[in-house]
Amino acid sequence: MTRIIVHPAQGPLRGSVPVPSDKSIGHRALLFGGIADGLTRIRDFSRGEDNLSTASAMRAMGIRIDDISPTEVHVHGKGIFGLQAPTADLDCGNSGTTMRLLCGVLAAQNFSSVLVGDASLSKRPMNRIAVPLRSRGARITGAPHAKKEGEITAPLRIEALPEGTFLTGLEYESPVSSAQVKSAMLLSGLYAHGTTYVREPYVSRDHSERMLQAIGAPLRTMGPIVELDPSGWDGKLAPLDVDLPGDISAAAFLLVAGTIIEGSELMVRFVGTNPTRTGILDMLRDMGAPVQLDPLGDRAGEPIANLVVGYAGLNGRLFGGETVARAIDEVPILCALAARATGTTIIRDAKELRVKESDRIATMAKVLRAFGVTCQEREDGLEIEGTDKPLSACQVNCEHDHRIAMTAAVLGLLADGPTIIEGAEVIATSFPKFVATLRALGQRVDVEE
Ligand code: S3P
C-alpha cells in the first residue's frame with residue numbers, strides 16, 4: 001500500500017511538462033499490431049499498468065513483444081489467425097479496455113480462453129460485450145454479478161468456435177456510447193461472415209476506427225454509425241509505425257490544477273486532441289478558463305497540440321449529453337474544477353460513471369464532502385456548490401480508482417493542511433509519474449510505502 005501526502009499549494013504551478021502517452025491508443029497499437037502481418041513499432045509507449053496488461057495478454061498468446069527501450073516496443077504481428085491458445089488464464093488486471101477488446105478477438109478463435117481481472121474489474125458489467133457477441137455466434141459466459149441480477153462479470157470464459165462455423169454479420173444499436181463495446185464488435189467483425197454495423201447514441205472515442213482504417217481494415221464511418229464489411233477484403237492488416245500522442249485524460253489533472261491554483265501558468269506538451277476526447281477543454285473554456293491550443297500536426301493519425309492554461313475565475317455550469325460523452329473519464333477532475341467555481345455546477349448524463357473502476361458518482365460525492373464541498377449525488381451525475389474558501393484537509397480512500405486518487409491530490413492543493421491519499425499505488429495504472437510531475441511543477445507531495 002502506498003499513501004501520498006499532498007501539501008497545500010506551495011505557490012503557483014509553473015512550467016512545461018509531458019504526460020504519458022494515450023492509454024487507449026496504446027492498447028489498440030499492441031492488440032492490432034499483434035494481429036497485423038509483420039513488425040509494428042510503437043514509440044512513446046508509456047508503461048502504465050493497464051497497457052502492460054494488454055502486452056502480457058498478447059505475449060501469453062504467442063505474440064513476441066520486444067522492449068527496445070523504456071519508451072519503444074516492437075510487436076511481431078502474426079496475422080488475424082496467428083494467435084495461439086494461452087496456457088493459463090489471461091490476466092487483464094484493472095483494465096476494462098484489455099478485457100473487452102480482447103473478447104472481440106477471442107470470440108472468433110478456434111481455441112478457448114478465460115479472462116480474469118482484479119477486484120475492481122471483477123465487478124464491472126460484461127453483458128454489454130457478451131450479449132451482442134453471442135448474437136453473432138460467440139460462446140461467452142461470465143460469473144454472476146454480486147449486485148446486479150442477470151448481469152455477468154469477470155472471469156469470462158470464451159469457448160472455441162466449433163470447426164467450420166463462423167461469426168455472423170451484426171447490426172447492433174448500443175444503448176450506451178462506449179468505445180470498448182464498439183471496438184469489440186468491430187474486432188469480432190474482422191472474422192465474421194457478414195457485415196458489422198454499430199450505432200451508438202453519441203460518437204465515443206474513435207481511436208479504433210482511425211487505426212483500423214489506417215492499417216487496411218474494410219471500415220467506414222457515417223456519423224454515429226460504423227460499418228465493417230469484410231467481403232472482398234484479403235484478411236490482412238498492415239503493421240503500424242507510430243509515435244503515440246500524450247494522454248488528454250492524464251493532462252486534464254494538470255490543466256485543472258493550473259486553472260484553480262492562483263498565479264499558475266503551465267503547458268502540457270504533445271497532447272492528443274482527437275475531438276472525441278476534448279470535452280474537458282470545452283468544459284474548461286465554458287467555465288471561464290483560457291485554454292490555449294497550439295496544434296502540432298498529427299501522430300498515429302490523431303491530432304496533437306501543446307495545451308496552455310493559467311489561473312482563472314470560474315463559473316458553475318450545466319454539462320450533459322455529447323460534451324459529457326467526450327469527457328467521460330474527466331468527470332472526476334471536472335468535480336475539482338466545480339469545487340472552485342462560483343455557483344453550482346450540474347453534471348448530467350454521466351450514469352456510465354457508476355460502472356467505471358469505482359462508482360465514480362458515489363466516490364466523488366464522498367471525496368468532495370470529505371474536503372468540505374457541498375454536493376448532491378444524482379442517479380446520472382452530481383450537483384456541486386463551488387467555494388472560494390480553503391478546503392478541509394482530509395484522508396481519502398481512493399477505492400482502487402486511479403482517477404479518484406489523482407483528483408483528490410489536485411483538491412489537496414486547495415486544502416488547509418496535508419491531505420492523505422491511501423491506496424495511491426493505483427495511480428500507476430495510467431500515470432506512473434504523476435507525483436514527480438506535480439513536484440516538477442513546484443508542489444510538495446510526500447510518498448510513504
Ligand atoms: C476506453 C473507453 C471508455 C473509457 C476507458 C477507455 C477505451 O470506456 O472510459 O477509460 O480505450 O476504449 P467505455 O467504453 O466503457 O465508455
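As the structure is a computational prediction, the values presented were derived from the model and not from experiment. (Residues numbered from 1 in each chain as written. Predicted model: local features only at pLDDT ≥ 70, side-chain atom pairs only at ≥ 80, totals over all residues. Heavy atoms only, no water.)

1. As for the site of the ligand
Thought 1: Within the structure, the ligand sits among 13 residues, and Ser24, Arg28, Ser178, Asp329 and Lys356 are positioned closest to it.
Thought 2: Side-chain polar atom of Ser24 to an oxygen atom of the ligand: 2.7 Å apart, as the coordinates give it.
Thought 3: Taking 390 Å² as the accessible area of the ligand by itself, protein coverage stands at 95%.
Thought 4: For the shell around the ligand, the elements supplying multiple residues, two or more each, are α1 (23–35), α3 (96–106) and α5 (179–189).
Thought 5: When residues of the shell around the ligand are assigned to domains, at least three fall in each of domain 1 (3–21 + 245–448) and domain 2 (23–243). (Near = heavy atom within 4 Å. Polar contact = N/O pair within 3.5 Å; in protein donor to acceptor, adjacent residues only side chain to side chain. Areas by Shrake-Rupley, 256 points an atom, 1.4 Å probe, with all protein chains shown as cover. Helix = DSSP H or I, 4+ residues; strand = E, 2+ residues; numbered from the N terminus. Domains from an automatic or database assignment.)

2. Looking at the environment of Gly417
Thought 1: Position of Gly417 among the secondary structure elements: in the loop between α12 (402–412) and β23 (419–422).
Thought 2: Considered as a pair, Gly417 and Ile42 are 375 residues apart in the sequence and their alpha carbons are 42 Å apart.
Thought 3: In contact with Gly417, not counting residues within four places along its chain, are Val6, Pro8 and Ala393. (Contact = heavy atoms within 4.5 Å.)

3. Remarks on helix α4 (residues 127–135)
Working note: α-helix, 3.6 residues per turn, so residues spaced by three or four point in the same direction.
Thought 1: Within the sequence span of α4, burial applies to Asn127, Arg128, Ile129, Ala130, Pro132 and Leu133.
Thought 2: Buried residues in α4 make contact with α3, β8 (140–144), β9 (152–158), β10 (168–173) and α5.
Thought 3: Following α4 by one or two positions, Gly137 adopts a phi angle in the positive range, close to 110°. (Buried < 20%, exposed > 50% of the residue type's maximum accessible area, 1.4 Å probe, protein only.)

4. Examining the packing of α3 against α4
Thought 1: Packing of α3 against α4 leaves a shortest axis separation of 10 Å and a crossing angle of 10°. In terms of axis orientation, α3 runs roughly parallel to α4. Mapping the contact onto sequence places Arg100, Cys103 and Gly104 in α3 and Arg128, Ile129 and Leu133 in α4. (Axes fitted to C-alpha atoms, helices over the stretch in contact; angles between N-to-C directions. Parallel < 35°, antiparallel > 145°, perpendicular 65-115°, else oblique.)

5. Considerations on the domain arrangement of the protein
Thought 1: According to the domain assignment, the protein consists of domain 1 (3–21 + 245–448) and domain 2 (23–243).
Thought 2: The C-alpha-based centres of domain 1 and domain 2 are spaced at 29 Å.
Thought 3: Facing 29 residues of domain 1, the contacting portion of domain 2 comprises 27 residues.
Thought 4: The contact between domain 1 and domain 2 buries some 2,400 Å² in all, and 48% of this surface belongs to carbon and sulfur atoms.
Thought 5: On the surface where domain 1 and domain 2 come into contact, there are 4 salt bridges.
Thought 6: Across the salt bridge formed by Arg205 and Asp329, the nearest N and O atoms sit 3.0 Å from each other. (Buried area = accessible area lost by both parts, 1.4 Å probe. Salt bridge = Lys/Arg side-chain N within 4 Å of Asp/Glu carboxyl O.)

6. Observations concerning helix α2 (residues 49–60)
Thought 1: Here α2 spans 16 Å end to end across 12 residues, near enough to the 16 Å set by a 1.5 Å rise per residue.
Thought 2: All buried positions along α2 are accounted for by Asp50, Asn51, Ser53, Thr54, Ala55, Ala57 and Met58.
Thought 3: Residues of α2 that are buried make contact with α1, β4 (64–69), β6 (90–91) and α3.
Thought 4: Of the residues flanking the end of α2, it is Gly62, one or two places downstream, whose phi is positive at about 85°. (Expected span 1.5 Å × (residues − 1).)

7. With respect to the pairing of strand β17 (residues 302–310)
Thought 1: For β17, a buried count of 8 out of 9 residues is recorded, marking the element as mostly surrounded by other parts of the structure.
Thought 2: Here strand β15 (residues 265–272) pairs with β17 via 6 bridges, running antiparallel. Along β17, the bridge assignment pairs Val271 with Ala305.
Thought 3: Looking at chain direction, strand β16 (residues 292–299) and β17 are connected through 6 bridges and run antiparallel. Looking at β17, one finds that Leu293 is bridged to Leu307.
Thought 4: The turn linking β16 back onto β17 is made up of 2 residues, and Ala300 within it adopts a positive phi angle of 50°. (Pairing = 2+ DSSP bridges.)

8. So, unusual backbone geometry
Thought 1: The step from Ala154 to Pro155 runs through a cis peptide bond, and the omega angle for that step is -5°.
Thought 2: If you trace the backbone, Pro155 turns up in strand β9.
Thought 3: Despite not being glycine, Asp349 has its phi angle at roughly 60°, a positive value.
Thought 4: Locating Asp349 in the fold gives a position in the loop between β19 (344–347) and α11 (360–370).

9. Some details on the side chain of Lys23
Thought 1: On the secondary structure map, Lys23 appears in helix α1.
Thought 2: Apart from residues no more than four positions distant in its own chain, Lys23 is found in contact with Asp50, Asn51, Asp247, His402, Arg403, Thr429 and Ser430.

10. Describing the environment of Leu167
Thought 1: By the secondary structure assignment, Leu167 is in the loop between β9 and β10.
Thought 2: C-alpha of Leu167 to C-alpha of Ala107: the two residues are 60 residues apart in sequence and 8.3 Å apart in space.
Thought 3: Filtering out sequence-adjacent residues up to four positions away, Leu167 remains in contact with Ala107, Ala108, Arg136, Gly137, Ala138, Leu161, Ser188, Ala192 and His193.

11. Let's talk about the packing of α1 against α3
Thought 1: At a closest axis distance of 11 Å, the pairing of α1 and α3 adopts a crossing angle of 30°. When the axis of α1 is compared with that of α3, the two are roughly parallel. Taken as a pair, α1 and α3 cross one another with a handedness that is right-handed. Across the interface between the two elements, His27, Arg28 and Leu31 from α1 touch Thr97, Thr98, Leu101, Leu102 and Val105 from α3.
Thought 2: Looking at side-chain class alone, the contact of α1 with α3 contains 4 nonpolar, 3 polar and 1 charged residues. (Left-handed = near helix turned anticlockwise from the far one by under 90°. Nonpolar A, V, L, I, M, F, W, Y, C, P; charged D, E, K, R; others polar.)

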